[in-house]
Amino acid sequence: MISKVKYLLYVLTAVVMSSCNTDDVITASLPPSIILDSETGVYTVKQGREICIAPNYESVADAVYCWMLDGEVIGSAPSLVFVKEDVGQYFVTLSVTTEAGSDSEEIRIDVVEREIPTVSIAGPDHQTVSVGTGIDFTATVRETSLDHSLVWHVNGNAVSTEAAYRFMADECGTYSITASAENEDGAHSDTVEVVVLRPEDMPFEWNFATGEYHTVVGRKLRIVPSTASNLEEVTY
């Protein structure tokens, strides 16, 4: 690799020789030079995204370009399109060679994590209700440094952009309720399924706080279901 100092000395020598040889023409070519568009030689890109590194060059007629990462050639053009899914630091060496010499630079590419919003809907993933009964849903989105949008969809149709959404159906069927959050880094969604039935078709369901109860001989124990549905005309 020809350092910048050696390159300047080469240029000064050529100038001196040209002033001393007025009768001769200097035909010696200058060695190539790489001029990075980053003063620090460090580039940053988010995982899964492409970055194009395109340095400027001098004296690169008929030049051969070589980009290397971990001992492997990853490019042979003046510019490099780089993309990685794994977060980390990558050190890439660029070299350019002509008949007059060569130059090289090592650059660092920092691949950082994307800030994709994560959304979740509170409550169970599957619910059953009767026609005309409302269900309140709330979506929580993990905060990032980027602004995000939130959209609720029912069977693919957008219905709301608020954090809270009240669902109610007038017809029986199976409904897919989806909350989707999106920013410039990506999108994420969460979905729950709601089955809407006629009141007379609603299943009888109840739940208890535990499957086992313990008491002392002679003492009373009160056992009640914590939640129940369709309790009309029920015999216990």
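Moving on, we come to the pattern of salt bridges. Enumeration over the complete set of coordinates arrives at six salt bridges. Across the salt bridge formed by D136 and R166, the nearest N and O atoms sit 2.9 Å from each other. Taken together, the positions of D136 in strand β12 (residues 135-141) and R166 in strand β15 (residues 164-167) put the pair 30 residues apart, joining distant regions of the chain. A relative accessible area of 47% means that R166 is categorised as partly exposed. The shortest N-O distance in the salt bridge between D201 and R198 comes to 2.8 Å. Judged by relative accessible area, D201 falls into the partly exposed class, the value being 37%. Taken together, the shared-partner salt bridges in this structure form one network comprising K46, R49 and D185.

We now examine the sheet that holds β15. The strand order across the open sheet formed by three strands is β10-β12-β15, and the pairing between neighbours is antiparallel. Two strands bound the open sheet, and with one partner strand each, they are β10 (119-121) and β15. Direction aside, the axes of adjacent strands within the sheet are offset by 25° on average. Bridging between β12 and β15 involves four bridges; their strand directions are antiparallel. Following the sheet pairing, F137 is matched in β15 by Y165.

Turning our eyes to something else, we now look at the sheet that holds strand β2 (residues 42-46). Read from one edge to the other, the open sheet built from five strands follows the order β2-β9-β8-β5-β6, with strand pairing classed as mixed. Across the chains shown, the open sheet's two edge strands, defined by having one partner strand only, are β2 and β6 (72-75). This sheet shows a mean twist of 35° between the axes of neighbouring strands, independent of strand direction. In this structure, β2 lies alongside strand β9 (residues 101-112), joined through five bridges in parallel fashion. Within the sheet, the bridge partner assigned to Y43 lies in β9 and is I109.

Thresholds, definitions, all that
Residues numbered from 1 in each chain as written. Predicted model: local features only at pLDDT ≥ 70, side-chain atom pairs only at ≥ 80, totals over all residues. Heavy atoms only, no water. Salt bridge = Lys/Arg side-chain N within 4 Å of Asp/Glu carboxyl O. Helix = DSSP H or I, 4+ residues; strand = E, 2+ residues; numbered from the N terminus. Buried < 20%, exposed > 50% of the residue type's maximum accessible area, 1.4 Å probe, protein only. Pairing = 2+ DSSP bridges. Axes fitted to C-alpha atoms, helices over the stretch in contact; angles between N-to-C directions.

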